[in-house]
Amino acid sequence: MCVRCGYFEAGGCRSCTQLPVPYAEQLVVKEAATRAALADVPTDPTVPGWEDAAASREEGFRNKAKMVVGGTVEEPTLGILDPRGHGVDLRHCGLHEPGLHAALPVLADHVRLAGLTPYDVPGRRGELKHLLVTVSPDGELMVRWVLRSTESLPRLRKHLPWLLERLPVSVASANIQPEHKAVLEGPEEVLLTDQATLAMRLDVPGHPVVLQLRPQSFFQTNTAVATELYATARRWVGDLAPSRVWDLYSGVGGFALHLAAAPEDGRRVTGVEISAEAVEGARRAARLADLRADFVAGDAVAWATTTDEPRPDLLVVNPPRRGLGADLAGWVEASGVPWVLYSSCHSGSLARDLAAMPSYSLQRGRVLDMFPQTTHHEVLVLLRRR
């Protein structure tokens, strides 16, 4: 049986292209496509190889709502824009976690109360462009209003107490994005609450880690599958016992912190991430968990290729969709690093990178379905230098 969605059936939103496909079949196709993309990667027949895919809930799994705000102050829409640039309301999207379902109608009421004029894309006027809402495993919320200017900030601040009385908002901020182009957010962030981080408490076996998510930092949109991703990494790496780990593109520290150890142990982990906001959150999480992990704010390629740090026993990479690219893949190939743990959201770019790293063979692999009802997915592979 397939998930039913009124928005999809009415033609209002067709983002979930695989809704008509039974979920078990979706998983089979994703696994087959991933293994086919990596068919040329050397594999040692004596090692565990591919594990069963990590499935997701079919609906109610998204911890983040990225809502374009349209319509009018009196009748705002939270969802997407149609081809004419007019708002299509999707506040009851079935992909969202229950906490988001409860929050979005209240946030729409808040738009009206605070007089936040939705941005009219065809007319190039208005203030409120997007609402970005994240829910933690504990039910707390981070709410971000993406505004064209600071003009409506006083009204937003004035009516924020009304919202805090009705929703469990831990972190609230306004992002300023003045340009008229398809960019989700701008560089300027105005914090509206005393608290600056949303605690993401993941139930990964082992040393407990609570990730700290700041407004402009990234976290996977599927908390349950992200938990399984880090649990898989911790399980695989546990057999290797590396003393030194680098985590390039470390984000808020998901891999680095789950692979780190207490200060009395010998393992040292270094994470490198270009987002200063993410690095600040990762450092805070390391302090709170008393973990031996250092984080550097900088470009992963530049840092790895110029640092005087001794080469690690294990290199973790979690690059954007485009992959490592020729420069970093070439550096890895020449580095002599014995083990690489590669997390990818695009098996095509992963295959290109591994083709540039022929000294490595695949020891373990697993598809993790971070994005049900679409063709997208995450794949984790453990590679060993031959």
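Computed from a predicted model, the values in this text were never measured in an experiment.

A few points about the sheet that holds strand β2 (residues 64-71)
Here seven strands make up an open sheet; going across it, the order is β4-β3-β2-β5-β6-β7-β8 and the pairing mixed. Two strands bound the open sheet, and with one partner strand each, they are β4 (87-89) and β8 (188-191). Recorded for the sheet is a direction-independent mean angle of 40° between the axes of neighbouring strands.

A closer look at helix α11 (residues 347-355)
Of the positions making up α11, those classed as buried are Ser347, Ser349, Leu350, Ala351, Asp353 and Leu354. Of the surrounding elements, those touching the buried residues of α11 are α2 (23-37), α10 (325-335), β15 (339-344) and β17 (378-385).

Brief notes about the pattern of salt bridges
As enumerated under the stated definition, the model contains 22 salt bridges in all. For the salt bridge of Asp109 with Arg112, the shortest nitrogen-to-oxygen distance reads 2.1 Å. Residue Asp109 and its partner Arg112 are both found in helix α3 (residues 98-114); the two are separated by three residues, about one turn of the helix. You can call Asp109 partly exposed: its relative accessible area is 33%. Taking the shortest distance from any N to any O, the salt bridge between Asp239 and Arg364 comes out at 3.7 Å. Of this pair, Asp239 sits in the loop between α6 (223-238) and β11 (244-248) while Arg364 sits in strand β16 (residues 360-368), and the two are 125 residues apart along the sequence.

Quick notes on the packing of aromatic side chains
Scanning all chains against the criterion turns up three aromatic pairs. With 4.7 Å between their ring centres and 70° between their planes, Trp246 and Trp303 make a pair best called edge-to-face. Linking Trp246 in strand β11 with Trp303 in helix α9 (residues 300-306), this pair joins segments that are 57 residues apart in sequence. The exposure class assigned to Trp246 is buried, which follows from its relative accessible area of 0%. Residue class for Trp303 comes out buried when judged on its relative accessible area of 15%. Centre to centre, the rings of Trp246 and Trp331 are 6.0 Å apart; their planes meet at 15°, and the pair counts as stacked. Here the residue Trp246 occupies a position in strand β11, and Trp331 occupies one in helix α10, the gap between them amounting to 85 residues. One aromatic cluster is present, built from ring pairs that chain together Trp246, Trp303 and Trp331. Directly above the aromatic system of Phe8 lies the positively charged group of Arg14, at a separation of 3.9 Å from the ring centroid.

Points about the sheet that holds strand β1 (residues 49-50)
Taken in spatial order, the eight strands line up as β1-β16-β17-β15-β14-β11-β12-β13 in an open sheet, and their pairing is mixed. The open sheet has two edge strands with one neighbour each: β1 and β13 (293-297). In this structure, β16 lies alongside β17, joined through eight bridges in antiparallel fashion. Bridge assignment links Arg364 to a residue of β17, and that residue is Leu382. Packing against the sheet, α11 makes contact with β15 and β17, and its axis sits at approximately 155° to β15.

Section: α10
Among the residues of α10, those classed as buried are Leu328, Ala329, Trp331, Val332, Glu333 and Ser335. Positive backbone phi, at 85°, marks Gly336, one or two positions downstream of α10.

Describing the environment of Leu315
Summarising the element assignment, Leu315 is placed in strand β14 (residues 314-317). Placed 292 residues apart in sequence, Leu315 and Tyr23 show a C-alpha to C-alpha distance of 34 Å. Excluding anything up to four places from it in sequence, Leu315 contacts Trp246, Leu248, Trp331, Val332, Val337, Trp339, Val340 and Leu341.

Some remarks on unusual backbone geometry
Even without glycine at this site, Tyr249 takes up a positive phi of about 60°. Within the element layout of this structure, Tyr249 appears in the loop between β11 and α7 (254-259). Unlike most non-glycine residues, Asp290 shows phi in positive territory, near 55°. Within the secondary structure, Asp290 is located in the loop between α8 (276-289) and β13.

About the cut-offs
- Residues numbered from 1 in each chain as written.
- Predicted model: local features only at pLDDT ≥ 70, side-chain atom pairs only at ≥ 80, totals over all residues.
- Heavy atoms only, no water.
- Pairing = 2+ DSSP bridges.
- Helix = DSSP H or I, 4+ residues; strand = E, 2+ residues; numbered from the N terminus.
- Axes fitted to C-alpha atoms, helices over the stretch in contact; angles between N-to-C directions.
- Buried < 20%, exposed > 50% of the residue type's maximum accessible area, 1.4 Å probe, protein only.
- Contact = heavy atoms within 4.5 Å.
- Salt bridge = Lys/Arg side-chain N within 4 Å of Asp/Glu carboxyl O.
- Phe/Tyr/Trp six-rings, centres within 6.5 Å; stacked < 30°, edge-to-face > 60°.
- Lys NZ or Arg CZ within 6 Å of the ring centre and 35° of its normal.

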